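As a plain string of letters, each chain reads:
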Amino acid sequence: MRFFPRYLEKGWPVDITKTTAFFSLCYQLLLVPGLWADRVFPRDDASFYYGTFPPGFSWGVGSSAYQTEGAWDQDGKGPSIWDTFTHHQRGRIFMNQTADSSCESYYKIQEDIKLLKELNVSHYRFSISWPRLIPTGVKADHVNSKGIKFYSDFINTLLENNITPIVTLYHWDLPQMLQVKFGGWQNATMVTYFDDYANLCFEKFGDRVKHWITFNDPWSVAKKGYETGRHAPGLKLRGTGAYRAAHHIIKSHAKVWHSYHKAWRKKQHGLVGISLTCNWGEPVDITNPEDVEAAERYMQFCLGWFANPIYAGDYPQTMKDYIGRKSTEQGLGMSRLPVFSIHEKNDIKGTFDFLGLGHFTTRYITQKNHPSRQGPSYQNDRDVAELVDPNWPDLGSNLPQLVPWGFRRLLNFVQTQYGNPVIYVTENGVSEKLNHIQLCDVWRIQYLKGYINEMLKAIKDGVNVKGYTSWSLLDKFEWENGYSHRYGFFYVEFNNKNKPRYPKASVQYYKSIITANGFPNPIENLCYITCKWLQRLWCLQFAHSAYL
């Protein structure tokens, strides 16, 4: 039986204030001593760490422009590669869905600010739509004043509500004209166009925005956009396209960092970083040197691909060795992995004020040889196989699996590998299946508890984590999965023209962590059963309406 009230399906009005108060009451009932004394629940006290985060730790949630704004062709906005991809590449997106209207956040600033206030977050991570500011992507062509005003007003409203904006410049929505005219990130001219766009953002918003992220998850941009074709622009340039796109993205990041450092830092006093997303790769057999080496290679082909040039000046040696050897075996005169010049290496190295880190789950890694005759591809170049432990909890989603301990290991890996950088966790969360919609999202509470606690352990290990962004504020368009995956704290009714939002139970749980700045009280070990109680009360409250 689905646990989802029929009145929401019918679009019946809901008082969000009362609904949130109801969840809050249920949560407080969980903390009544003796309430669960007659029941036995599984415990993980042996591995759970009770403690609080450092003073000033920043808690937030995130979103991106294309996934939430809607208004895809309104007020002067130009088309993005994702507009074109969803409109014309039939069969690439779940049920051929688009983000044309999505959450309609473009028209719901005040409503979404109220949701942020309800969560009690200290920051909100969002992205600016490049084609909303510069419709063709080329600043010299035209700058859209309505787009400037929209983001300026939004930033002002956040600050008026004591919410710090953390702004991503590129979250995958490249102006379509740059793809048509220049081939997008396959072309080195993108470095200049992206720098022009970034400087426009610094000029218009930098007096108020102090945390800038150049690119969100460039691994997905390169691999899924230019290798497998699963993402816009949908190109399948196997073995070359992803590496070329990544090369230009890295140089674009460095160019923008230097632009900010030279022209804006002294008067704006902001920080510029990049957000890299990576699973943790654990060796299948830690006593097998081949598996240990394969897991290291997995990490370097994912995280190191972008982090190593920024922190050390060049691609990881294992990438250069494996791609170079396979390119030779395939009869090529030079490696398919592009090469940075000495000047470029020096220019790219050190272009960071912080590292944004996204993480969702873990994979077991083992050695698997892919003969060069199979043809060039990113997958074959790595010579690894990814495995999932069938005993890992199924949280009601295709992915990610609940493997909290991998998060701590990833954070410690970053500390050791890149000289203990300042880290902001920029994406971490879990979705739910389309046919398993619940406002009582017990799996998300379980996920938050485990992953945030492992982050706390990493901080105790000495990792320099300054903030955490849970993904995400709202259910939204999830790329090739359309609306079938829901990551939000707030349920969005997409079939309703007004796109109403409803709080899930995880709102109160995350808010309790934020308020306590961690897990200061051992009573928190009961929190994993929050939704068991919420579900019962909800069912009792709405049984009549649900079955009318």
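Keep in mind the model is a prediction, meaning the values are calculated, not measured.

Points about the overall build of the protein chain
Now for step 1: In terms of regular secondary structure, the protein chain is built from 20 helices and 15 strands.
Now for step 2: The burial tally for the protein chain puts 61% of its 548 residues in the buried class.
Now for step 3: Here the contacts in the protein chain between residues at least 6 apart in sequence split such that 78% fall between residues at least 24 apart.
Now for step 4: Taken as a whole, the protein chain presents about 21,300 Å² of accessible surface, with 53% of it coming from carbon and sulfur.

Quick look at the sheet that holds strand E5 (residues 211-216)
Now for step 1: Strand order in the closed barrel formed by eight strands is E2-E3-E4-E5-E6-E8-E11-E12, and the pairing between neighbours is parallel. Each adjacent strand pair in this sheet contributes to an overall mean axis angle of 25°, direction not counted.
Now for step 2: In this sheet, strand E3 (residues 123-127) lies alongside strand E2 (residues 58-62) in parallel orientation, the contact comprising three bridges. Looking at the pairing, Gly60 lines up with His123 of E3.
Now for step 3: Across the sheet, helix H7 (residues 145-160) is in contact with E3 and strand E4 (164-170); its angle to E3 comes to roughly 170°.

With respect to empty space enclosed by the protein
Leftover empty space is mapped by rolling, across the atoms, a probe with the size of a water molecule.
Now for step 1: Counted according to the given criterion, the structure contains four cavities of 30 Å³ or more.
Now for step 2: In this structure, the largest cavity spans a volume of roughly 140 Å³.
Now for step 3: Lining the largest cavity are 15 residues; nearest its centre among them are Thr68, Glu69, Ser105, Tyr124 and Phe154.
Now for step 4: Put simply, the parts of the chain that give the lining of the largest cavity at least two residues each are helix H3 (65-68), helix H5 (109-119), E3 and H7.
Now for step 5: Partitioned by chemical class, the residues of the lining of the largest cavity number seven nonpolar, five polar and three charged.
Now for step 6: In this structure, the second largest cavity spans a volume of roughly 70 Å³.
Now for step 7: In terms of lining, the second largest cavity is formed by 13 residues, of which the most central are Ala65, Tyr66, Gly70, Lys77 and Arg132.
Now for step 8: Among the secondary structure elements, those contributing two or more residues to the lining of the second largest cavity are H3 and helix H6 (130-133).

Overview of the sheet that holds strand E9 (residues 362-367)
Now for step 1: Read across the open sheet, the three strands follow the order E7-E9-E10; overall the sheet is mixed. Only two strands of the sheet have a single partner each, and these edge strands are strand E7 (280-283) and strand E10 (384-387). Strand-to-strand twist across the sheet, computed as the mean angle between neighbouring axes with direction ignored, equals 40°.
Now for step 2: Pairing analysis gives four bridges linking E9 to E10, with the strands arranged antiparallel. Note that in E10 the partner of Ile365 across the bridge is Glu386.
Now for step 3: Each of E7 and E9 touches helix H17 (residues 405-417); the most contacted strand, E7, lies at about 100° to it.

What to know about the UniProt feature "active site" (unreviewed entry) in the protein chain
Now for step 1: The sites that carry the UniProt feature "active site" (unreviewed entry) are, in the present numbering, Glu427.
Now for step 2: By the secondary structure assignment, Glu427 is in strand E11 (residues 423-427).
Now for step 3: Residue class for Glu427 comes out buried when judged on its relative accessible area of 7%.
Now for step 4: Excluding residues that lie within four positions of it along the chain, Glu427 makes contacts with Arg125, His171, Asn216, Thr277, Leu357, Gly358, His359, Phe360, Thr469 and Trp471.
Now for step 5: At 3.3 Å, the side chain of Glu427 and the side chain of Thr277 are in polar contact.

Considering H7
Now for step 1: When the terminal C-alpha atoms of H7 are compared, their 22 Å separation across 16 residues agrees well with the 22 Å that a helix rising 1.5 Å per residue should span.
Now for step 2: Among all positions in H7, only Gly147, Ile148, Phe150, Tyr151, Ser152, Phe154, Ile155, Thr157 and Leu158 are buried.
Now for step 3: Its buried side turned inward, H7 meets H3, H5, E3, H6, E4 and helix H9 (190-205).
Now for step 4: Residue Asn162 follows H7 closely and has a positive phi angle near 60°.

What about the pattern of salt bridges?
Oppositely charged side chains can form a pair if their charged atoms are brought close together.
Now for step 1: Counted under the stated rule, the structure contains 29 salt bridges.
Now for step 2: For Asp383, the salt bridge is made with Arg325, and the minimal N-O distance between the two is 3.8 Å. Taken together, the residues span a long stretch of sequence, with Asp383 in the loop between helix H16 (378-382) and E10 and Arg325 in helix H14 (residues 317-329) at a distance of 58 residues.
Now for step 3: One network of salt bridges, with partners in common, ties together Glu432, Asp441, Arg444, Asp475, Arg486 and Lys504.

So, how was this worked out
Residues numbered from 1 in each chain as written. Predicted model: local features only at pLDDT ≥ 70, side-chain atom pairs only at ≥ 80, totals over all residues. Heavy atoms only, no water. Helix = DSSP H or I, 4+ residues; strand = E, 2+ residues; numbered from the N terminus. Buried < 20%, exposed > 50% of the residue type's maximum accessible area, 1.4 Å probe, protein only. Contact = heavy atoms within 4.5 Å. Areas by Shrake-Rupley, 256 points an atom, 1.4 Å probe, with all protein chains shown as cover. Pairing = 2+ DSSP bridges. Axes fitted to C-alpha atoms, helices over the stretch in contact; angles between N-to-C directions. 1 Å grid on protein atoms, 1.4 Å probe; cavity = no way out; pocket = protein on both sides within 12 Å on 5 of 7 lines; lining within 4 Å. Points joined across faces, edges and corners; volume = space filled by probe spheres on them. Nonpolar A, V, L, I, M, F, W, Y, C, P; charged D, E, K, R; others polar. UniProt positions renumbered as here; feature names shortened; annotations may be inferred. Polar contact = N/O pair within 3.5 Å; in protein donor to acceptor, adjacent residues only side chain to side chain. Expected span 1.5 Å × (residues − 1). Salt bridge = Lys/Arg side-chain N within 4 Å of Asp/Glu carboxyl O.

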